Amino acid sequence: MSSTIDAAARARRVPDKPTLDGIEPRWDRTWTEQGTYRFDRSATRAQVYAIDTPPPTVSGSLHVGHVFSYTHTDAIARYQRMRGKAVYYPMGWDDNGLPTERRVQNYFGVRCDPSLPYDPGFEPPAQPPKQPIPISRPNFIELCERLTATDEQAFEDLFRRLGLSVDWSLVYATIDERSRRISQRAFLENLARGEAYQQLAPTLWDVDFRTAVAQAELEDREQPGAYHKLAFHWADGSGDVHIDTTRPELLAACVALVAHPDDARYRDRFGSTVRTPLFGVEVPVLGHHLADPEKGTGIAMVCTFGDLTDVTWWRARPAVALDHRLGRAHHRHRPGGDDRRGRPRRLRPARRQDRQAGPGHRGGPAAGQRRARGRAPPHHPPGQVLREGRPAARDRRHPPVVHPQRRPRRGPARRPGRARPTAHLAPRVHAPSLRELGGRAQRRLAHQPTALLRRAHPAVVPPRRRGPADLRRAAGARARPAAHRPLHRRAHRLRGGPTQPARRLRRRPRHHGHLGHLSLTPQIGGYWHEGGDGHLFDRVFPYDLRPQGHDIIRTWLFSTVVRAHFEHGSLPWTNTALSGWILDPDRKKMSKSKGNVVTPIALLEQYGSDAVRYWSTSARPGVDTAFDEGQMKIGRRLAIKLLNASKFALGTGEASPRAEVTEAVDRAMLERLADLVEEATTAFEGYDYARALERTEAFFWDFCDNYLELVKGRAYGSQGDGPADSARAALALALETLLKLFAPFLPFATEEVWSWWQPGSVHTSTWPQAAALRRGGDPEVYRVGTGVLSAARRAKTEARRSLKVPVELAQVAGTATELAALELVRADVVESANIAALTTATGDELVVAVRLADDA
RNA sequence: GGGCGCGUAGCUCAGUUGGUUAGAGCGCUGCCCUUACAAGGCAGAUGUCGGGGGUUCGAGUCCCUCCGCGCCCACCA
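Attention in this report is confined to the structure presented alongside it. (Residues numbered from 1 in each chain as written. Chains lettered and ligands numbered in written order. Predicted model: local features only at pLDDT ≥ 70, side-chain atom pairs only at ≥ 80, totals over all residues. Heavy atoms only, no water.)

**Topic: the environment of Ala 564**
For the record, the criterion: Strands are runs of DSSP state E lasting at least 2 residues, helices are runs of H or I lasting at least 4, and numbering of each runs from the N terminus. Only protein chains enter the area calculation, which uses a 1.4 Å probe; residues under 20% of their type maximum are buried, those over 50% are exposed, and those in between are partly exposed. Here, residues are in contact when the closest pair of their heavy atoms is within 4.5 Å.
Tracing the chain through its elements places Ala 564 in helix 16 (residues 553-568). Look at Ala 564 and you get buried, because its relative accessible area is 0%. Setting aside anything within four residues of it in sequence, one finds Ala 564 in contact with Gln 523, Phe 541, Gly 569, Ser 570, Leu 571 and Pro 572.

**Here we look at the pattern of salt bridges**
Defined as follows: Any carboxyl oxygen of Asp or Glu within 4 Å of a side-chain nitrogen of Lys or Arg constitutes a salt bridge here.
Under the criterion given, the structure shown has 32 salt bridges. Notably, a salt bridge pairs Glu 679 with Arg 695, separated by 2.4 Å at the nearest N-O pair. Taken together, the residues Glu 679 in helix 20 (residues 664-685) and Arg 695 in helix 21 (residues 689-715) connect sequence positions 16 residues apart. For Glu 679, a relative accessible area of 32% gives the class partly exposed. One continuous salt-bridge network, built from bridges that share partners, spans Glu 177, Arg 181, Arg 185 and Glu 530.

**Topic: the side chain of Arg 81**
The cut-off we apply is this: In this tally, Asp and Glu contribute negative charge and Lys and Arg positive charge; neither His nor the terminal groups of the chain are included. Pairs of N or O atoms are called polar contacts if they sit within 3.5 Å, as long as, within protein, a hydrogen donor faces a hydrogen acceptor (for residues adjacent in sequence, only side-chain-to-side-chain pairs).
Positionally, Arg 81 belongs in helix 3 (residues 64-82). Although Arg 81 is buried, it forms no salt bridge, and the closest oppositely charged side chain is Asp 74 at an N-O distance of 5.5 Å. From its side chain, Arg 81 meets the backbone oxygen of Ser 165 in a polar contact 3.0 Å long. When residues no more than four places from it in sequence are discounted, the contact partners of Arg 81 are Thr 36, Tyr 37, Val 87, Tyr 89, Ser 165 and His 763.

**Comments concerning the packing of aromatic side chains**
Aromatic ring pairs are described here by two measures, namely the spacing of the ring centres and the angle between the planes. What counts, and what does not: Between the rings of Phe, Tyr and Trp (Trp by its six-membered ring), a pair exists once the centres lie within 6.5 Å; its type follows the angle of the planes, with under 30 degrees stacked, over 60 edge-to-face, and the other angles tilted. Charge-over-ring placement is defined geometrically: NZ (Lys) or CZ (Arg) within 6 Å of the ring centre, and within 35 degrees of the ring normal.
The tally for this structure, following the rule as stated, stands at 25 aromatic pairs. Ring centres of Trp 93 and Trp 168 lie 6.2 Å apart, and the angle between their planes is 20 degrees; this geometry places the pair in the stacked category. Taken together, the residues span a long stretch of sequence, with Trp 93 in strand 3 (residues 91-93) and Trp 168 in the loop between helix 5 (137-162) and strand 6 (171-173) at a distance of 75 residues. Per residue, the accessibility class of Trp 93 equals that of Trp 168, and both read buried. By the ring-pair criterion, three or more aromatic residues cluster together here, those being Phe 39, Tyr 88, Phe 537, Phe 541 and Tyr 543. Across the ring face of Trp 234, the terminal group of Arg 269 is positioned such that the distance to the ring centre comes to 3.9 Å. Between Lys 712 and the ring centre of Phe 648, over which it is positioned, the NZ or CZ distance is 5.5 Å.

**Observations concerning the environment of Tyr 88**
Along the chain, the position of Tyr 88 falls in strand 2 (residues 86-88). With 614 residues separating them along the chain, Tyr 88 and Asp 702 place their C-alpha atoms 36 Å apart. Look past the residues within four positions of Tyr 88 in its chain and what remains in contact with it is Phe 39, Val 48, Tyr 49, Ala 50, Ile 51, Leu 170, Gly 525, Gly 526, Tyr 527, Leu 536, Val 540 and Tyr 543. A distance of 2.5 Å separates a polar atom in the side chain of Tyr 88 from the backbone oxygen of Gly 525.

**Some words on the sheet that holds strand 24 (residues 807-814)**
As a reminder of what qualifies: Any two strands with at least two DSSP-identified bridges between them are counted as paired. Every axis in this analysis is a line fitted to C-alpha atoms, fitted for helices over the stretch in contact. Angles between the N-to-C directions lie between 0 and 180 degrees.
Across the sheet, 3 strands lie side by side as 25-24-26; this open sheet has mixed pairing. The sheet is open, and its two borders are formed by strand 25 (838-842) and strand 26 (847-852), each paired with just one other strand. Strand-to-strand twist in this sheet, taken as the mean axis angle between neighbours without regard to direction, amounts to 15 degrees. Relative to strand 26, strand 24 is paired through 6 bridges, and the arrangement is antiparallel. What sits directly across from Gln 811, in strand 26, is Ala 849. The strands that helix 24 (residues 779-798) touches are strand 24 and strand 26; relative to strand 26, the one it contacts most, it runs at about 45 degrees.

Shown next as structure tokens:
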């Protein structure tokens, strides 16, 4: 290609007024059309860089936290792509479960009534009505699908505008068929290997939605309450013992009394029994260290289940044959007890009228509370003898208390006007669980976790978060031997691929979050055992990177490791990058409930995506970061500067075809640039994108302020063709390199400039090589040259004169080395600083004395 | 209550194995329309490195302690 054609082409393509306006949709379209980020399925595992992307919860709102952490991952993805890797970068949407149901109810103003028939013509009103419209279950599911599709589109739009280099042909949703199929397949494998067990365990129960809820769905809320004094009767007839409780309605579910082992008041009674008031059930008195002698009367009733301590106590059942008592105490209502060999029996569902404190009982807990207080006793058990023939009601001697209760997070549509007191703990057969939660493997893991994690230790970024505590405890935290039984009999029912989703949306068993699809994102994202694409999974697994929040190490990270360990005998990824929080100006964690979130789309529109990405990637990995629009302004300025500086560098003129970088200061600049490339590369290899950005940015501003000024005249040809060619070639080389270094951070602006003069996409170009830039330049030449220029500018500024004003005489003192370096850049210095006469003298260090011309 | 982390300029943050006079950007002050950029440029001022103690020739950096803040876990009769 001849230089004239080249120059003409260039002139056409460099705009007179470069702008960032409208840049995002334009390049997003082009990248999609060109398949810029499409995964190369022919790549071998060694050529692949695979990312296990955390699926955002689409039923939640978009917020800057998404922008923040996903940008970090994208910067790494873009770097790896330019390093020549085939980047596997899928995206998933988490749209399972209760949040989706809730959002559908709020959004459309409907509620699901399974008794209604399907209405094929149903359309929700434009505005959600005050009174939720009851609709059939199929109608409700249709709305769920409609809304999640909308939500997913909103997320994709955001992420596209943000410039995430995701391969959008690899999108999955945790609710879609593939995810369910893989999830079930993985579970079958667990079954086949005997890694899954059915286990008796309590589940948190949402009274409103009549479904089990995950712990993560709960929040603490202060509840006003009062102690109610209940009189239990010693079975040996020696009188009463009083219990203070805030939850008298749970009396029917009382299975034991518990006091602290050292409590002298009750120590002698351990092993004996009492009869409950009202129900006359005989329960044991036990000792447990969690009982607090200071609270109430120092002895508490254990119910199945009022709170999580009850669970502990119930599980901890000591040597006393509590299971036996359990059986009697809760004939129909019991959770099952243990069989003769100590294994839990199958749960027998309680009959409705017996669910005094269980899920779904009439009137809810409030009614139960009324009854137990004596206003409306449910019935009079035979032989019940209580003081005054009734349970001791509210005891006014105890002041009202405020105590926190765990309860489901409340959405706006949660039956307005009705205070639903609490999440119940209902004994249920826990959904089949991995041994992770109990049994031999759990014990093995509890001893092995460090070995497991250490053997092929995932590198955790940033390393300081790696504190052995985190990972070790993540692995061993929930070690608790528990009875279990294999589920082989169930296996055949699941065989043959995905089963139907729960026929009834309600009462769908929910796991404790970390056992659901989310622990299988590597398998789902990688099409594990999904036909049609040969060995895709083998090409991406184990993944190279898993980014995630540090708050869910113990849940998500650990469960992903466990499942990969069982399934593949390896870690699911080799690196984990932990991202920090976004903090509002008061240094609080930004969250929806606090109402301090900022809409990310508006930010992207106001500052531009590159600017927001700049703010995001300025934050060190894993560091909590303040939301700072100031940084976005800086980012925008940087992006604009990049356009303008590029326009200038490309506009000085075309280097002749065989141009060489010959001038000393040009070679010196390239030498410094080579150092920068090495530093940025090292930083990226250590996942420290922020350092790479910071160093690149610092170099760039110095490059603009000093190098461009220094060589400007020469590049325009003031010193002849040879020196001009050297400057132009150096400028082109530097610009190309800087665009590449900035590309992971400012994908739009760099691509824009790239398109002015280079073929293809900067994002599929190769990462710069330091060696290709080195020409034996001496950085000292650069330092001295820019130092003298800067001194001349300072003199002019201090004299309040224009920078154009001539320097009549510049006297430079310096070491022999410095003076020798100065001679190599003398012509550029004299020209750029407009120096009439420059003299040199030997000295200890570089000192510049400047005399300005008198004329104004 | 236990664990992890943070505290450096008015603000947001760097500061690597302990090593000259602790840095950057924003903001602030002043100057300059300079043939890429005035939504710009050039230059300047700005510190009890949270407090105290210790180790060391030398501490922002290592140790102890206290104060303040954040998160996770636990507790919540």
